[in-house]
Amino acid sequence: MDRTLAADLARLPDLLDATRRAAAEALATLDERAVVPDRPKPTDPEPLPERGRGAEAALAAFRARWEPRLSASAGPRYFGFVTGGATPAALAGDWLTAAHDQNSNSSMDRAGQDLERETVGWLRELFGLSDAHTGTFVSGATMSNTTGLAIAREWLGERLGVSPADDGAGALGPVRVLSGAPHSSIAKALSVLGLGRNSLVRVPTLPGREAVDPAALDRALADTPGPAVVVANAGTVNTVDFDDVPAIAALRARHDFWLHTDAAFGAFAALSPDHAHLAEGLDASDSLCVDLHKWLNVPYDSAVQFTRRRDLQARVFQNAAAYLGPLGEHPDLVHLTPENSHRLRALAAWFTLRAYGRQGHREIVERNITGARSLGAALAEDPAFTLLAPVRLNVVCFTLTDNPDPARLTALREAVAAEVFVTPTVHEGTAGLRAAFSNWRTTQADVQRAARALRTAAREIA
């Protein structure tokens, strides 16, 4: 064994303790650090060392060279994108995921996939899904959407008497995928799956909304020859608008289509009694996307996909190798996603669900919703700001009242970056910013701090 590697093995408890102290210090100083540090000048990459100096030296080099450049994305005022943090239990689970280093794909070494199936069952219950749905962990919402649409592609083939998994997507002929306000990952998935970005057909939305107009969807389906795919939204990125999924599902009485629902973070509305109605109808989906490194607050990367047609899923992703385990009635996980290697992502989710239960995660969701509404109210009271949409759940979509051009919004965003991070958007043709609440640490004090920073920066820009 390499001498340096052997020395690290002998000192492993001390090295893990040093790493623990570094991690604890980083988390303890989240409030003091800039949410997004000033952009440093690019540095030239260091050469690969010929002879290493061990883990302790690597840790010191990381803390000196890279840690100061990292954002406080684990913290309570990182409102960009839709980014959760990692609850204490999820962090513990993720550390143990690396320590045990399981490839949880095969029944020949089955504890990992049994743990994943238990966790998927808990998530299914959390979101009000029936046992007809089976689920598998994947890396994020993009992979979840891609997996769901891959199953939809095979369903189209089943309807047409072909198998795209065997014969290629070209065997389907022209395909139409209908949606009102699809997330960008939908077009990306269609490109990857060989269906093409141009197969995505935008259906009119309700006036002033991002929710699809069910009547317009009905007409579009009537104009679509043969079976189609409908992508519903349970929580759009800009305004957290929800399609009427029960009304969409009811259209199957007249039209033949696969219903895929993108509920990346909107599914968590099911945890709040006051907002659960928004997530009604998710169980009617043929496939469903839910992201977990958003509102479940587990570390990146983690999501889950559900479907009612695991048989078609296995037809798409089956892997023929004797050492990978059987297909069978209950396929090993290796046969259900694009990944042959599949880290035990479920452990972090298992830990946080086991530690805090439904009630604990409901409290996070409801506190985030309250925070978003408070920030929205604070900005609405300031004449410098205009809300671009109502605060429906956990996202505040806003802009500058006077001259909201991208340059001024960029200046505003950069001016507050040390205190709060928000990301740019365009809503109904108007440039704006959005603040998404999904971190378990966020409190009303953070909301007030963010609002104060935004108001001050707006006055300075004006």
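Residues numbered from 1 in each chain as written. Predicted model: local features only at pLDDT ≥ 70, side-chain atom pairs only at ≥ 80, totals over all residues. Heavy atoms only, no water.

### Observations concerning the side chain of S106
- Relative to the helices and strands, S106 resides in the loop between α4 (88-100) and α5 (111-126).
- A polar contact of 3.0 Å, which involves the side chain of S106, links it to the backbone nitrogen of M108. (Helix = DSSP H or I, 4+ residues; strand = E, 2+ residues; numbered from the N terminus. Polar contact = N/O pair within 3.5 Å; in protein donor to acceptor, adjacent residues only side chain to side chain.)

### Some thoughts on the nonpolar core
- Judged by nonpolar contacts, the single largest core of 36 residues is most densely connected at L123, F127, F268, V290, L292 and F306.
- Sorting the residues of this core by element identifies α5, β6 (287-291), β7 (303-307) and α12 (346-380) as the ones contributing at least two each.
- Looking at this core, the element that brings in the most residues is α12, giving 6 residues.
- Those residues within four positions of L292 in sequence are excluded, and the remaining contacts are L123, F137, F268, N297, V298, S302, A303 and V304.
- If you look at the next biggest cluster of nonpolar residues, it comprises 26 residues, including F79, F398, A435 and V447. (Core = buried A, V, L, I, M, F, W, Y, C linked by side-chain atoms within 4.5 Å. Buried < 20%, exposed > 50% of the residue type's maximum accessible area, 1.4 Å probe, protein only. Contact = heavy atoms within 4.5 Å.)

### Describing the sheet that holds strand β10 (residues 423-427)
- The 4 strands are arranged β8-β9-β11-β10 in an open sheet whose pairing can be described as antiparallel. Edge positions in the sheet fall to β8 (385-387) and β10, since each has one partner strand and no second. Each strand axis lies, on average, 45 degrees off the axis of its neighbour in the sheet, ignoring direction.
- Direction of pairing for strand β9 (residues 395-400) relative to strand β11 (residues 430-436): antiparallel, over a ladder of 4 bridges. Its bridge partner lying in β11, C397 is registered against R434.
- The strands that α12 touches are β8, β9 and β11; relative to β9, the one it contacts most, it runs at about 15 degrees. (Pairing = 2+ DSSP bridges. Axes fitted to C-alpha atoms, helices over the stretch in contact; angles between N-to-C directions.)

### Here's the deal with the packing of aromatic side chains
- Going through the model one piece at a time under the given rule, you end up with 9 aromatic pairs.
- Between the aromatic rings of F268 and W295, the centroid separation amounts to 6.3 Å while the plane-to-plane angle is 55 degrees, which identifies the pairing as tilted. Taken as a pair, F268 in the loop between β5 (257-262) and β6 and W295 in the loop between β6 and β7 lie far apart in primary sequence, 27 residues in all.
- You can call F268 buried: its relative accessible area is 1%.
- On the basis of relative accessibility, which here comes to 1%, the residue W295 falls in the buried class.
- Ring centres of F385 and F398 lie 5.9 Å apart, and the angle between their planes is 70 degrees; this geometry places the pair in the edge-to-face category. (Phe/Tyr/Trp six-rings, centres within 6.5 Å; stacked < 30°, edge-to-face > 60°.)

### A word on the side chain of T423
- Within the secondary structure layout, T423 lies in strand β10.
- On the basis of relative accessible area, T423 is assigned to the buried category, the value being 6%.
- A distance of 3.2 Å separates the side chain of T423 from the backbone nitrogen of F81, its partner in a polar contact.
- Excluding residues that lie within four positions of it along the chain, T423 makes contacts with G80, F81, R413, G432, L433 and R434.

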